[in-house]
Amino acid sequence: AGHRGRHPLRMAETHTAHVGSFLDEEGAAIDEVVATVFREPHSYTGENSVEISCHGGPFLSRKILRQLLALGARHAEPGEFTKRAFLNGRIDLAQAEAVADLIRATSESARKLSLDQLRGRLSHKVQELKERLLSLCGSLEVELDFAEEGLAVVPAEQTLAAVTALKAEIERMIASYAQGRIYRDGLKVLLVGDPNVGKSSILNSLLDKDRSIVTHVPGTTRDLIEENITIDGMLFRLVDTAGLRESNDLVESEGIRRTRAEMESADLIVRIRDCTQSHRSPPPSGIPLLEVMNKFDLVGYDRTNISAPDEAVLISAKTGYGIDILKKKIAERSHPPAAAADVTLSNLRHLRCLEEAAKRLENALESVRNGMSGEFVLVDLRGAMHSLEMIIGVVTTEEILNSIFSKFCIGK
Ligand code: GDP
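Below is a summary of the structure that appears in this document. Worth saying up front: this structure is predicted, and the values here are computed from it rather than measured.

Cut-offs used in this document
Residues numbered from 1 in each chain as written. Predicted model: local features only at pLDDT ≥ 70, side-chain atom pairs only at ≥ 80, totals over all residues. Heavy atoms only, no water. Helix = DSSP H or I, 4+ residues; strand = E, 2+ residues; numbered from the N terminus. Buried < 20%, exposed > 50% of the residue type's maximum accessible area, 1.4 Å probe, protein only. Areas by Shrake-Rupley, 256 points an atom, 1.4 Å probe, with all protein chains shown as cover. Axes fitted to C-alpha atoms, helices over the stretch in contact; angles between N-to-C directions. Parallel < 35°, antiparallel > 145°, perpendicular 65-115°, else oblique. Left-handed = near helix turned anticlockwise from the far one by under 90°. Contact = heavy atoms within 4.5 Å. Pairing = 2+ DSSP bridges. Expected span 1.5 Å × (residues − 1). Phe/Tyr/Trp six-rings, centres within 6.5 Å; stacked < 30°, edge-to-face > 60°. Salt bridge = Lys/Arg side-chain N within 4 Å of Asp/Glu carboxyl O.

**Here's the deal with the overall build of the chain**
Next, step 1: Regarding its fold elements, the chain presents 13 helices and 9 strands.
Next, step 2: Looking at the chain residue by residue over its 412 residues, the buried ones come to 44%.
Next, step 3: Carbon and sulfur atoms make up 53% of the accessible area of the chain, which totals about 22,100 Å².

Laid out in structure tokens, this is it:
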């Protein structure tokens, strides 16, 4: 594209910005633009690149794009810039995945986690584990070379100790996934209770807006309603249910069926009861439970008028009484003790790789314990190393790359 004056962009230094006219094929100006030049290897992708900032607007940008395409450029594929950055060794695969997570982040906790990963926190840890495995393999290989001479270079106890320590660290990382998943995708909170106890009203007051319809007819919340809120930078996905009341009504029965299904995948169940009613106890489940007594206004805000469990949160969705406390309780109940691992795992692919690595290390331990030849131990140690390498993309397949980068937005 055209550049007014005597300094073509081709000659420009890296990290310099240039004001000029963007010309059409006849040499007439389309717009005044700023072109920023990045020379290899100091660009996002590691390749020569120029970013053009125009005045925006769909007509203008399309016209400029069309001109660039006419000059031989093409549209980037989804995630192509990040993929090139990976292929050119600017970032590893875990970091590339972090870019997508960062863009997708909808809460502070998700943002922090992705940024940590982008900056290489997970990669460094994986690299460290990999190097320890590598040196272990090295010693065992030396031992094999001297096997005929009967030289035991590495005592079995030493191998056992080293592999056990590695496995323990990997298991800590695996355990951190439960929390990482919550940081990333939020926590699913299910509001359950009999019809008319005020589930929709509570959801509304938690949200401060009228998303679910509040009515007097029991069983009107026919569908599951999901709303996101953030408390203390954490994302909570609140799900209002149709309640667990048995019903002959077909539509409502479907709601009940779905409630049961939702309950199984919830992180926290908020059981809501009406201060003025007595209730059957709902089916127990292994999921953490928060007891809430609603319509506290109807009993004059007097605890002695009701029989409520000590830990129950007393609220009134109508007047707003206790809603802040309820929010706080939800947030508290949802913070498991901080994971002991120094990295927090949030990606299912990474989890699977680490699980495989842990399995291979366990196999290696078995072999050592059974006094098997070093060759058998080595096979599993190398297998574990391979799994670690999959995380950061030292080894990868076209399939994995496609599944990762196709989820990116165009231009990232
Ligand atoms: P759901 O069926 O559990 O979703 O209950 P709704 O949110 O639809 O509420 C049922 C009825 O109880 C409506 O008439 C609400 O206005 C009323 N209600 C809900 N919360 C309160 C409350 O805290 N106090 C009083 N007095 N009425 C409430």
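**Remarks on the packing of helix 5 (residues 121-145) against helix 6 (residues 156-175)**
Packed helices, taken two at a time, are described by the angle between their axes plus the distance between the axes.
Next, step 1: Put simply, helix 5 and helix 6 touch, their axes get as near as 11 Å, and they point 160° apart. Comparing their axes, helix 6 and helix 5 come out roughly antiparallel. Helix-helix and strand crossings are classified by hand; for helix 5 and helix 6 the assignment is left-handed. Residue-level inspection shows Leu-122, Lys-125, Val-126, Glu-128, Leu-129, Arg-132, Leu-133, Leu-136 and Leu-140 of helix 5 in contact with helix 6, the latter providing Thr-159, Ala-162, Val-163, Ala-165, Leu-166, Glu-169, Ile-170 and Met-173.

**Things to note about the pairing of strand 4 (residues 187-192)**
Next, step 1: Buried residues dominate strand 4, accounting for 6 of its 6 residues.
Next, step 2: What you see with strand 4 is no split at all: Leu-187, Val-189 and Leu-191 on one side and Lys-188, Leu-190 and Val-192 on the other are buried throughout.
Next, step 3: In the sheet, strand 4 pairs with strand 6 (residues 234-240) via 5 bridges, with the strands oriented parallel. Each bridged residue has a counterpart across the sheet, and for Lys-188 the counterpart in strand 6 is Arg-237.
Next, step 4: Bridge count for strand 4 against strand 7 (residues 268-274) is 4 bridges, and the pairing is parallel. The partner of Leu-191 across the bridge, within strand 7, is Val-270.

**Details of helix 6**
Next, step 1: Here helix 6 contains 20 residues, and its C-alpha end-to-end distance of 28 Å stays within 8% of the 28 Å for a straight helix at 1.5 Å per residue.
Next, step 2: The inward-facing, buried residues of helix 6 abut helix 5, helix 7 (177-185), helix 11 (348-369) and helix 12 (374-392).

**Quick word on the sheet that holds strand 6**
Next, step 1: Strand order across the open sheet formed by 6 strands is 5-6-4-7-8-9, with mixed pairing between neighbours. At either margin of the open sheet sits one strand with a lone partner, and together these are strand 5 (225-231) and strand 9 (313-314).
Next, step 2: In this sheet, strand 9 lies alongside strand 8 (residues 289-294) in parallel orientation, the contact comprising 2 bridges. Across the sheet, residue Val-292 finds its bridge partner in strand 9, namely Val-313.

**A word on the sheet that holds strand 1 (residues 16-23)**
Next, step 1: An order of 1-2-3 is seen for the 3 strands of this open sheet, with the pairing classed as antiparallel. Every other strand in the sheet has two partners, leaving strand 1 and strand 3 (49-53) as the edge strands with one partner each. Averaged over all neighbouring strand pairs, the angle between strand axes comes to 35°, with direction disregarded.

**Quick notes on the packing of aromatic side chains**
Next, step 1: The tally for this structure, following the rule as stated, stands at 5 aromatic pairs.
Next, step 2: Taken together, a centroid distance of 5.7 Å and an interplanar angle of 90° make the contact between Phe-296 and Tyr-301 edge-to-face.
Next, step 3: Its relative accessible area of 2% is what places Phe-296 among the buried residues.
Next, step 4: Judged by its relative accessible area of 36%, Tyr-301 falls in the partly exposed class.
Next, step 5: Within the aromatic cluster, the residues linked to one another by ring pairs are Phe-86, Phe-405 and Phe-408.

**Here's the deal with the environment of Glu-262**
Next, step 1: By the element assignment, Glu-262 lies in helix 9 (residues 250-264).
Next, step 2: When the C-alpha positions of Glu-262 and Val-189 are compared, they lie 9.8 Å apart, and in sequence the two are 73 residues distant.

**So, the pairing of strand 2 (residues 29-38)**
Next, step 1: Buried residues dominate strand 2, accounting for 7 of its 10 residues.
Next, step 2: Pairing of strand 1 with strand 2 involves 8 bridges; the strand directions are antiparallel. If you follow Thr-16 over to strand 2, its bridge partner there is Val-37.
Next, step 3: The hairpin turn running from strand 1 into strand 2, its antiparallel successor, is 5 residues long, and Gly-27 in that turn takes a positive phi close to 90°.

**Looking at helix 2 (residues 80-87)**
Next, step 1: By the burial criterion, the buried members of helix 2 are Glu-80, Thr-82, Lys-83, Ala-85 and Phe-86.
Next, step 2: In the core, the buried residues of helix 2 are packed alongside helix 3 (93-104), helix 12 and helix 13 (398-405).
Next, step 3: At the C-terminal side of helix 2, Gly-89 shows a positive phi close to 80°.

**Quick word on the packing of helix 11 against helix 12**
Next, step 1: Running from N to C, helix 11 and helix 12 point in directions that differ by 170°, and their axes come no closer than 8 Å. Overall, the two elements helix 11 and helix 12 adopt an arrangement that is roughly antiparallel. Residue-level contacts link Arg-349, His-350, Cys-353, Leu-354, Glu-356, Ala-357, Arg-360, Leu-361, Asn-363, Ala-364, Ser-367 and Val-368 of helix 11 to Phe-376, Val-377, Val-379, Asp-380, Leu-381, Gly-383, Ala-384, Ser-387, Leu-388, Met-390 and Ile-391 of helix 12.

**Here we look at the pattern of salt bridges**
Next, step 1: For the structure on display, the rule yields 30 salt bridges.
Next, step 2: The salt bridge partner of Lys-167 is Glu-171, with a shortest N-O separation of 3.3 Å. One end of the pair is Lys-167 and the other is Glu-171, both in helix 6 and 4 residues apart, which spans about a single turn.
Next, step 3: Here Lys-167 falls in the buried class, since its relative accessible area comes to 15%.

**A closer look at the environment of Gln-117**
Next, step 1: With respect to the helices, strands and loops of the structure, Gln-117 is situated in helix 4 (residues 108-118).
Next, step 2: Setting aside chain neighbours within four positions, we find Gln-117 in contact with Ala-94, Gln-95, Glu-97, Ala-98, Leu-122, Ser-346 and His-350.

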